[in-house]
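Geometric and topological summary
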Amino acid sequence: MEEWFKAGKYLARRIVWEIVLGCFEACVQEESLHEVVLQEGMTCDVIGDTHGQYYDLLHLLTLTGKPSEKHCLLFNGDFVDRGSWSVEVVLTLMAWKWLLPRSVLLNRGNHETKDMNKVYGFEGEVKHKHGELTYKLFAHVFTALPLATLISPTLTPTPKALASAVAKSQAPILSPEGRMRYFVTHGGLFSKDNVTLDDIRSIPRIGKQPGNEGLMCELLWTDPQETEGRGPSKRGVGIGFGPDVTRRWCTLNGITGILRSHEVRQGGYAIEHDGLCTTVFSAPNYVDQSGNKGAFVRIDAHGEREYTTYDAVPHPPMKPMAYAGAMGMMRSPPFMDQPHLVGSRGASAINSLYKLTKFSGNSLVTFFISFCCQEKSLAG
Ligand SMILES: [Mn+2]
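Residues numbered from 1 in each chain as written. Predicted model: local features only at pLDDT ≥ 70, side-chain atom pairs only at ≥ 80, totals over all residues.

Take helix 4 (residues 86-99) next. For helix 4, spanning 14 residues, the distance from its first C-alpha to its last is 20 Å, which sits close to the expected 20 Å at 1.5 Å a residue. Counting buried positions along helix 4 yields 12 of 14 residues, so the element is predominantly enclosed. Check the buried side of helix 4 and you find it contacts helix 1 (2-6), helix 2 (13-27), helix 3 (54-64), strand 3 (71-76), strand 4 (104-107) and helix 6 (122-130). (Helix = DSSP H or I, 4+ residues; strand = E, 2+ residues; numbered from the N terminus. Expected span 1.5 Å × (residues − 1). Buried ≥ 20, exposed ≤ 12 C-beta atoms within 10 Å, placed from the backbone. Contact = placed C-beta atoms within 7 Å.)

Printed below as a string of structure tokens:
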């Protein structure tokens, strides 16, 4: 399949459907909060956004190694959109999931949703490569992906493991059994305190889009913020949650640390909130222009964390968002989910324009495209 994809060829539709349905069968049996138990000798790599950067994914897989009984790979959402090989990325992940369902874990991201796919390229790409019905199948199967994964090491934490995950001044937060454990989700925490792991486990998800509020939306969309408490989201969806919110939630649920993705970090990862919240982003030189590293985190059966970072590799001359049509841009605010691309001023201007106009006619689309380009150069 890899050779086939690298040659620029498309799989037969029948095979695509078998892979996607194989993934569905595996995911639909998992709870909305899936759990991975790490026995002695096992490791789990947590991988952040890959966003259709197929050549970077292939490079990443040489660093993580292939999944096996002893080595899990957890992809923490946003496999598709933006990069123009989203079909190749998601089919690779889904094929692995079908083949090794217990060793390959796929969390849903805010881009495994209809609204985002319409604007950021995946819908157009699938329609171009495999037809409209195939897109509908993908969109449904995305709803079967778990919303979060709990990584539960089974061995007593060693001093080295604790040092890898806990800020020096703080006592470690452990599970009720005295083990380290990690909560992995694409976005982050909630607009209210007191959300338990059982609440997350019982979120109904099959056939559902995350919408604009509620636990599913917040898991997929929120971002950590430096200031205490909660604040408005810079994206217009979800909220910002402060270090005190993270500490309260981890204490309530016996969680040693949150691992989340969803935002680019220049070094590939960033440890925030006194070590309790770590962002991992795995698309290096994001959309061919961010200049960031990619990263993944390896967790072992003691709970020790180890980080690997890497740079982008060359890819064939195809621009990001090559399949994102202007029609798509008419239905949802462009750049709403990644304001750093246009600057916060640009993003909020675009969002309010969107609300005011609700779009009509091609001239507005043309205006939007030129507006985005102008703002981007202003934002540097
Ligand atoms: Mn995201």
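Right, picking up where we left off after that structure.
Here the UniProt-annotated "active site" (unreviewed entry) positions come out as His111. Tracing the backbone through its elements, the reader meets His111 in the loop between strand 4 and helix 5 (114-120). Residue His111 is classed as buried on the basis of its C-beta count, with 27 C-beta atoms lying within 10 Å. When neighbours within four sequence positions are excluded, His111 is seen to be in contact with Asp78, Val80, Asp81, Met116 and Tyr120. (UniProt positions renumbered as here; feature names shortened; annotations may be inferred.)

We now examine the pairing of strand 4. Every second residue of strand 4 is oriented toward a common face, with Val104 and Leu106 on one face and Leu105 and Asn107 on the other, all of them buried. The pairing of strand 3 with strand 4 spans 4 bridges and is parallel. When the bridges of strand 4 are listed, Leu73 appears paired with Val104. Considered for its hand, the β-α-β crossover made up of strand 3, helix 4 and strand 4 is right-handed. (Pairing = 2+ DSSP bridges. Right-handed = clockwise from strand over helix to strand, strands pointing away.)

Here we take up unusual backbone geometry. Backbone geometry places Asp78, a non-glycine residue, at a positive phi of 55°. Looking at the secondary structure, you find Asp78 in the loop between strand 3 and helix 4. Phi at Asp274 takes a positive value of approximately 55°, unusual for a residue other than glycine. Along the chain, Asp274 turns up in the loop between strand 11 (269-272) and strand 12 (277-280).

Quick look at the sheet that holds strand 7 (residues 223-224) now. Judged by pairing direction, the sheet is mixed, and its 3 strands sit side by side in the order 7-9-8 without closing on themselves. Pairing within the sheet leaves two strands with one partner each, and these edge strands are strand 7 and strand 8 (230-232). In this sheet, strand 9 (residues 239-241) lies alongside strand 8 in antiparallel orientation, the contact comprising 3 bridges. Each residue of the ladder has a partner; that of Gly231, found in strand 9, is Gly240.

Moving on, we get to the nonpolar core. In terms of nonpolar packing, the biggest core is built from 86 residues, with Val46 and Leu74 touching the most fellow members. With 8 residues, the top contributor of residues to this core is helix 4. Setting aside residues up to four positions removed in sequence, Val46 forms contacts with Leu74, Asn76, Val184, Leu259, Val280, Phe296, Val297 and Ile299. (Core = buried A, V, L, I, M, F, W, Y, C linked by C-beta atoms within 7 Å.)

The next subject is the sheet that holds strand 12. Ordered by their spatial adjacency, 6 strands build an open sheet running 1-5-6-10-12-11, and the pairing between neighbours is mixed. Two strands in the sheet have a free side with no partner beyond their single neighbour: strand 1 (33-38) and strand 11. For this sheet, the mean inter-axis angle between neighbouring strands, taken without regard to orientation, is 20°. Here strand 1 runs beside strand 5 (residues 148-153); their pairing, made up of 6 bridges, is parallel. Counterpart to His34 in the pairing with strand 5 is Thr149. (Axes fitted to C-alpha atoms, helices over the stretch in contact; angles between N-to-C directions.)

This next bit is on the UniProt feature "domain: Serine/threonine specific protein phosphatases" (unreviewed entry) in the chain. Residues annotated in UniProt with the feature "domain: Serine/threonine specific protein phosphatases" (unreviewed entry) correspond here to residues 107-112. Taken as a whole, residues 107-112 contains 0% helix and 17% strand, while its terminal C-alpha atoms sit 9 Å from one another.

Take the environment of Gly240 next. Among the structural elements, Gly240 can be located in strand 9. Counting along the chain gives 18 residues from Gly240 to Thr222, while the straight-line C-alpha distance between them is 5.9 Å. Those residues within four positions of Gly240 in sequence are excluded, and the remaining contacts are Asp223, Gln225, Arg230, Gly231, Pro232 and Ser233.

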